[in-house]
Structure formats: C-alpha cells, structure tokens
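Now for the letters of each chain:
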Amino acid sequence: MNERMYGSASLLLLLLLFTAISPVVLSASPDRFFKRSSSSPPPTIKSTDSQSKYKQYFELTRPLPSDHLTPSCALHVIHHSFGNTINRPPYSVPYSPPSNCPSPWPLAVLEFKVNSRGDQYDRISGLWLGGAEILRTSTAEPTQSGIYWTVRKDITRYSSLLKKRDLNFTIMLENIVNEVYTGVYHVDVTILFYNSTSVSVQAEVGILNRKRGSIKAAVYETPADLVIPISSSNYDKGYWFIINEESDVHFRKFRLPSNTCRAVLELYVSFHGNDEFWYSNPSNSYLRMNNLTNPRGNGAFREVFVTIDGMLVDSLVPFPVIFTGGINPLFWEPAVAIGAFDLPTYDFDLTPFLGLLLDGKDHVIGLGVTDGISYWLIDANLHLWLDPGSASVEAKSVVYQNPGSSIKRQEEFRLLDGSLKIKGTRKTQLLGWIKSSTGNFTTSVKYEFKFINSINFDRNGTYKQAKQHMKSTREVKVLDELGRLLSLFTVKRKYPLKVVTLNLPGSMKNNTYMLITNVSHALFDKYSIGEFSSSVYNKQVSNGWMEVKDHDVISGYSETNQTLTCRDESGCYVRTVAAIDSILVRDNSTYACPSAI
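Being a predicted model, the structure only gives us computed values, none of them experimental.

Novice: Can you help me understand the overall build of the chain in this one?
Specialist: Along the backbone of the chain there are 5 helices and 29 strands. Burial status across the chain gives 54% buried among its 597 residues. Taking the intrachain contacts of the chain between residues at least 6 apart in sequence as the baseline, contacts between residues at least 24 apart amount to 76%. Of the accessible surface of the chain, which amounts to about 25,500 Å², a share of 52% is contributed by carbon and sulfur atoms.

Here's what the structure looks like:
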C-alpha cells in the first residue's frame, strides 16, 4: 500500500513539472465522466440473483437501530429492470400495507437493492408513495463484471402513508441503453416492518422519550397524522418539479385540516446539468471577459427557497452531493460520495404560519432556487399533526422576520486567472401560537446560515480551486401559555468542501488530456432535543488523476480515505475505510468514542 502511494506521489510530481514545458490547456469546470470498461458484448436485459462475482458498492452512513433486528414482516414491492427508459413515464405498482403485521409499527425501513453490469453513466432516481417522495438516490457506474449495492432508509415518518391502501408506489430512473451504454439497472424494493412486539425497538424509543424530558417534546419523533405531497402533477416526468432558472418557481395548492396543530415541510432536492457543480460555477462576467461559451455560469451561490402564497418563509443552502460520475469517477469505488445513495432531506417547521393557513381556504406553496440554472429536481412533503381532541384549533402568527439573504461578491481577474469570492448570510425568526384541546402553545423558529465560497484560477486557467463552507443553525422552541419551555429542538450543520483540478496536455496522438483531481468534503450534523443529543461527522478525502478523451476515462489512479463518526447518549460508532485504485484496502469499525469529533 505504501509503495503504491509513493508511486502515485512521484507521478503527480512529474505531471506538475510537466506543466512548465507543456502548452496550456484551458481547465474545464468539474465535470461528469464515463468510466468505460474493457470491450465485451453488451449484457442482455436480464436480472440475476447471483451476486457472488459482483462487486459491492456502498455509502458510509449511520447504522439504523433495525440493522440487527428481525422484521415482523417484509413486503416486497417492486422487482423491475430499468433499461432504455429515457423520456418514458416512471414505473408504478399498487401498494397496500401487509395484512400479516398490522400497524402501528415503531419502525419501518425501506430496502432498495440494485445490481447491474455493463457500461453506463450514473443516473438519478426517485421513489414515491402516493405521490410523496420517500427516497432520492443515484446509481453507481457499473462494470462489465457487475456491481450491486443496497440502500436502507428509515421511513417510519411516513407511517400515515404506509397504513393506506390502494396507493401507487412509483420509481423514476431514466436510463439509456445502446451500443455504448449497455448497463441495465435491476431494482428490488422491499419494506421491512417492525411491530410493537420487538423489545429492542421499544427500548430504543423509550430511551428517546426519557431523554427528551417532556411529553410535549415527543411530537418530534411521532410520525405525522397526515402527509400531503407538494409535488408535480405531471406524472409522465416523475413527481418532482424541474427547475431551469431562477424565475422558474413551481407551485402546489393545499388546504390544511382545521385541527392541524403542527406542520413541517420536508424538502427533497438534487442538482444536475449545468448546475450539477454549482459550487464551482464561474461568474457570468468571467465567462464574458474571456469569450467562453461554458454554460455553467451564474456564480457559485445557490439558495433553495420556500414561499407560501408568494411570501418567502424559509430557505437553505443544500449539501453539495457528488454523484459517481462526478469530478473523478475513480474516487467513488467502492465507497460512493457522501449522500450519493441517500440524498439528505431538509425540514422547515411551518407551525408559526398556522394562523394564516387555518382559514379553511386553499393556499399555495412555491419552491425555487436563487440564481439556479438548468436544472434542479425539487419536491416536498407537508407533514401534519392533528389535534385528536378537537375538530378545529385556533392559531395566530405573531412574528415574521425573514429579510433577504445578504450576499457580497468580489471578483478580481486578469484574463483567465484570478479569483471570485462570495459571502452570504441569512437570519430568520418566526413566532406563532395555537390553542388546542391539550393547551395553548407558542412555537418559535430561528434559522441562520453563513456561506463562504472562493474560486481561484491559475496557470492560464488550467488550475482551479473551489472552496466552500456552509454553517447553519435551526432552533425550534415550544412554550406553554406561561412562557415555560416545553421543548427545544436544535439542528446544526456544516458542509466544508474543497475541489482542486489541474488540466494537463495528454497524448497528442490519442487526443487525450490529463486531469489531476483532489476532493475533500464533509458533512457534520448535530441534533439536540432536550437533554438528548446526537451527532454525525462524515469526512471523505480523495486524490488521483485521469487520462481523459472527451468525457471517457482511459486510465488513472485514485486514493480515497473516509471516516464516519457517530455519537449519541448511548455511545459512539466509528467506521474508517480506504480504497486504492477502486480496491478496498481498509474497512475498520469500532464502538469506542474518540476524544473529539
């Protein structure tokens, strides 16, 4: 392992020295690449149950409480092959809950299994139940020898949908199969249900209840009574809204039950096309100054926003997920980038707006992207908790402070070299009260983010460094009518990111170029509810190079190291993996707590 690492370092040094005597080549923005396998006949579109020779891919994620439990029952929902599905409607099957283990279920887990072989780009996929999205995922780039992976996601929060009969379970996975792209994705979806007889699950939930210290605080872990999809009605294109520019805001009407006592909007979002690498997009002035036709402009700041009846109510800067064909596909084997198999979702507590929404009339939620260009896929689920003891509740919105984001931009260029810097902040405060059968409660929501992005070009534009850091805090307080604190829920997130690319001339005979790449990114989440706290720190560092022709990877070298650290009241979980040239050389895990995260 050490000899290979030293060999890689020597090669990188040689390539760096080579730039001093080689003609310059304009560096492209981070891009998507196609990792072609050795030539062989394309596979037939036929699923296989034997994965003994297939290579397993995975995403490092926090273990689920159910991972070592036996489900009460398993409902196999979908078995389908996605071949040439581009521009075709999504695949749907009818869904009804299992009859052999009726609700309530303390836990429900979605198990999404995929296998494939052949050559293929990475693809985006969404899963919906009754029009409400329950998983946003992407695919790995398969090989001729075959790969497989499994995504497991806790979907207990969708229990109100899982209980319903005669819903549609839908998957969108657009794929192309031809003489070049031969990979077919064979998908199996199963839902695992864990009923109340599972002592381990009950103990886990009981610990959370006791730690949170308040019966009122339990609302944050109890699944909603109703989930309303905020999604597209154009079924043929999937249930997600397609956003192509900043003015392209999509709307959905909704009406709340009159006894709604809490409302949370859950947002699903992913970015593609010219905005897949939005965090490294140059400014339009840089493109104009250098007469560049690169469509990836509009700078490197994006903010996903939510409106109600045209009024801005909340926003966020999303985590920059890197798909398996992005920047350097050799990095994401067999461990994919953070969030690539289970993209993060984002919650907005809209309870302070119930004073506006509980009037028995239709209202409109809008979803859009500040400075966005083609294209973004966005939809949402509105989770509602109802007052069981009353047919209606009284509510009033008291405080609404949501000024526009403060964005400062600075540019300094000399032809192709120079720098761009963007700093952004936002502070939001919301306050509203409700009068229900269980008492009078005031909900206070405070949200703040700080965003810094810098992009530097050097060596006549062949060297590019993009650095970004996003830090946010979201706080939700519930007070009684005397102002006493009943619950305090806090979410803190950080997303540091650094991407370095150096474009070098390759073989003139083969019309190739060399691309040296370095990626360092991390996701830090910390949740606090009363006395209970939980944190996840996931960091991934990758280095390597590729020889590229057009967008095809001819050869290359890669090293990836990743550490996942999870900490809560019950202890710690740490897993460390390392891969060299797509071969897993380290995979260690422990339940010992590190000194610091």
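Here the narrative resumes.
Novice: What is the right way to look at the confidence of the model for the chain in this model?
Specialist: Interpreting fine coordinate detail is not advised for predicted regions of low pLDDT. Confidence in the prediction of the chain, expressed as mean pLDDT, is 89, and 88% of residues score 70 or more. pLDDT under 50 marks residues 39-50. Its contacts with residues more than four places away, or in other chains, come to 17 contacts.

Novice: It is not clear to me how the sheet that holds strand 17 (residues 363-370) should be interpreted in this structure. Could you clarify?
Specialist: In a beta sheet, neighbouring strands pair by backbone hydrogen bonds and run either parallel or antiparallel. The 4 strands lie next to each other as 12-17-14-15, forming an open sheet whose pairing is antiparallel. Only two strands of the sheet have a single neighbouring strand rather than two, namely strand 12 (250-254) and strand 15 (311-316). Neighbour-to-neighbour, the strand axes of this sheet turn through a mean angle of 25 degrees, independent of strand direction.

Novice: Would you take a moment to explain the pattern of salt bridges for this structure?
Specialist: Proximity of charged atoms lets side chains of opposite charge pair with each other. As enumerated under the stated definition, the model contains 22 salt bridges in all. Between Arg-474 and Asp-314 there is a salt bridge; the shortest N-O distance is 2.8 Å. Of this pair, Arg-474 sits in strand 23 (residues 463-480) while Asp-314 sits in strand 15, and the two are 160 residues apart along the sequence. Residue Arg-474 shares its accessibility class with Asp-314, and that shared class is buried. A salt bridge links Glu-394 to Lys-435; the shortest N-O distance between them is 3.8 Å. Separated by 41 residues along the polypeptide, Glu-394 in strand 19 (residues 394-401) and Lys-435 in strand 21 (residues 417-436) bring together distant segments of the chain. A relative accessible area of 38% means that Lys-435 is categorised as partly exposed.

Novice: Can you walk me through the side chain of Thr-170 in this structure?
Specialist: Along the chain, Thr-170 falls in strand 8 (residues 167-173). Looking at Thr-170, its side chain comes within polar contact range of the side chain of Ser-92, at 2.6 Å. When residues no more than four places from it in sequence are discounted, the contact partners of Thr-170 are Pro-90, Tyr-91, Ser-92, Gly-126, Leu-127, Trp-128, Tyr-235 and Tyr-239.

Novice: Sorry, what's going on with the environment of Ile-228 here?
Specialist: Along the chain, Ile-228 turns up in strand 10 (residues 226-230). Classification of Ile-228 by relative accessible area gives buried; the value is 16%. With 98 residues separating them in the primary sequence, Ile-228 and Gly-130 have C-alpha atoms 9.2 Å apart.

Novice: Teacher, can you tell me more about a positive patch on the surface here?
Specialist: Taken together, the side chains of Lys-427, Lys-450, Lys-471, Lys-492, Lys-494 and Lys-526 define a basic patch exposed on the protein surface. Structurally, Lys-450 can be placed in strand 22 (residues 439-458). Lys-450 gets classed as partly exposed once you look at its relative accessible area, which sits at 47%.

Novice: Quick question: what am I supposed to make of the packing of aromatic side chains here?
Specialist: Two aromatic rings are characterised by how far apart their centres lie and by the angle between their planes. Under the criterion given, the structure shown has 23 aromatic pairs. Ring plane angle 50 degrees and centroid distance 4.6 Å describe the contact between Tyr-286 and Phe-413, whose orientation is recorded as tilted. Within this pair, whereas Tyr-286 is found in helix 4 (residues 284-289), its partner Phe-413 is found in strand 20 (residues 406-414), the two being separated by 127 residues in sequence. Judged by its relative accessible area of 18%, Phe-413 falls in the buried class. Their ring planes at 65 degrees and their centres at 6.0 Å tell us that Phe-353 and Tyr-400 sit as a pair that is edge-to-face. Here Phe-353, found in the loop between strand 16 (346-349) and helix 5 (354-357), pairs with Tyr-400, found in strand 19; they are 47 residues apart in sequence, far enough to count as distant. Its relative accessible area of 4% is what places Phe-353 among the buried residues. Lying across the ring of Tyr-447, Arg-474 places its NZ or CZ 3.9 Å from the centre. The lysine or arginine in question, Arg-575, covers the ring of Phe-58, its NZ or CZ lying 4.9 Å from the ring centre.

Novice: Explain the sheet that holds strand 1 (residues 55-56) here, please?
Specialist: Ordered by their spatial adjacency, 5 strands build an open sheet running 1-7-4-9-2, and the pairing between neighbours is mixed. Looking at which strands have only one partner, the edges of the open sheet turn out to be strand 1 and strand 2 (73-82). As paired strands, strand 1 and strand 7 (residues 147-154) are joined by 2 bridges and run parallel to one another. In the sheet register, Lys-55 faces strand 7, and the bridge partner there is Ile-147.

Novice: How should I be thinking about the state of the cysteines in this particular structure?
Specialist: Two cysteines, two sulfur atoms, one covalent bond between them: this is a disulfide. Scanning the entire structure with this criterion turns up 2 disulfides. A disulfide bridge connects Cys-73 with Cys-101, and the sulfur atoms are separated by 1.7 Å. A residue pair is termed long-range when its members are at least 10 positions apart, and Cys-73 in strand 2 and Cys-101 in the loop between strand 3 (91-95) and strand 4 (107-116) qualify at 28 residues. No difference in accessibility class separates Cys-73 from Cys-101, as the two residues are buried. Across the disulfide, Cys-572 is cross-linked to Cys-593 (sulfur-sulfur distance 2.0 Å). What sets the handedness of the Cys-572 and Cys-593 disulfide is the S-S torsion sign, and at about 95 degrees it is right-handed. Placement of the pair is Cys-572 in strand 28 (residues 571-580) and Cys-593 in the segment after strand 29 (583-590), with a sequence separation of 21 residues. In the chain, the bonded cysteines, taken in the order they occur along the sequence, pair up as 1-2, 3-4. Take Cys-566: it sits in no disulfide, and the sulfur closest to it among the cysteines is that of Cys-572, at 8.8 Å.

Cut-off values and rules
- Residues numbered from 1 in each chain as written.
- Predicted model: local features only at pLDDT ≥ 70, side-chain atom pairs only at ≥ 80, totals over all residues.
- Heavy atoms only, no water.
- Helix = DSSP H or I, 4+ residues; strand = E, 2+ residues; numbered from the N terminus.
- Buried < 20%, exposed > 50% of the residue type's maximum accessible area, 1.4 Å probe, protein only.
- Contact = heavy atoms within 4.5 Å.
- Areas by Shrake-Rupley, 256 points an atom, 1.4 Å probe, with all protein chains shown as cover.
- pLDDT = per-residue confidence, 0-100.
- Pairing = 2+ DSSP bridges.
- Axes fitted to C-alpha atoms, helices over the stretch in contact; angles between N-to-C directions.
- Salt bridge = Lys/Arg side-chain N within 4 Å of Asp/Glu carboxyl O.
- Polar contact = N/O pair within 3.5 Å; in protein donor to acceptor, adjacent residues only side chain to side chain.
- Patch = residues over 30% accessible without salt bridge, like charges linked within 9 Å, V, L, I, M, F, W, Y side chains within 5 Å.
- Lys, Arg positive; Asp, Glu negative; His and termini not counted.
- Charge placed at Lys NZ, Arg CZ, Asp CG, Glu CD.
- Phe/Tyr/Trp six-rings, centres within 6.5 Å; stacked < 30°, edge-to-face > 60°.
- Lys NZ or Arg CZ within 6 Å of the ring centre and 35° of its normal.
- Disulfide = S-S within 2.5 Å.

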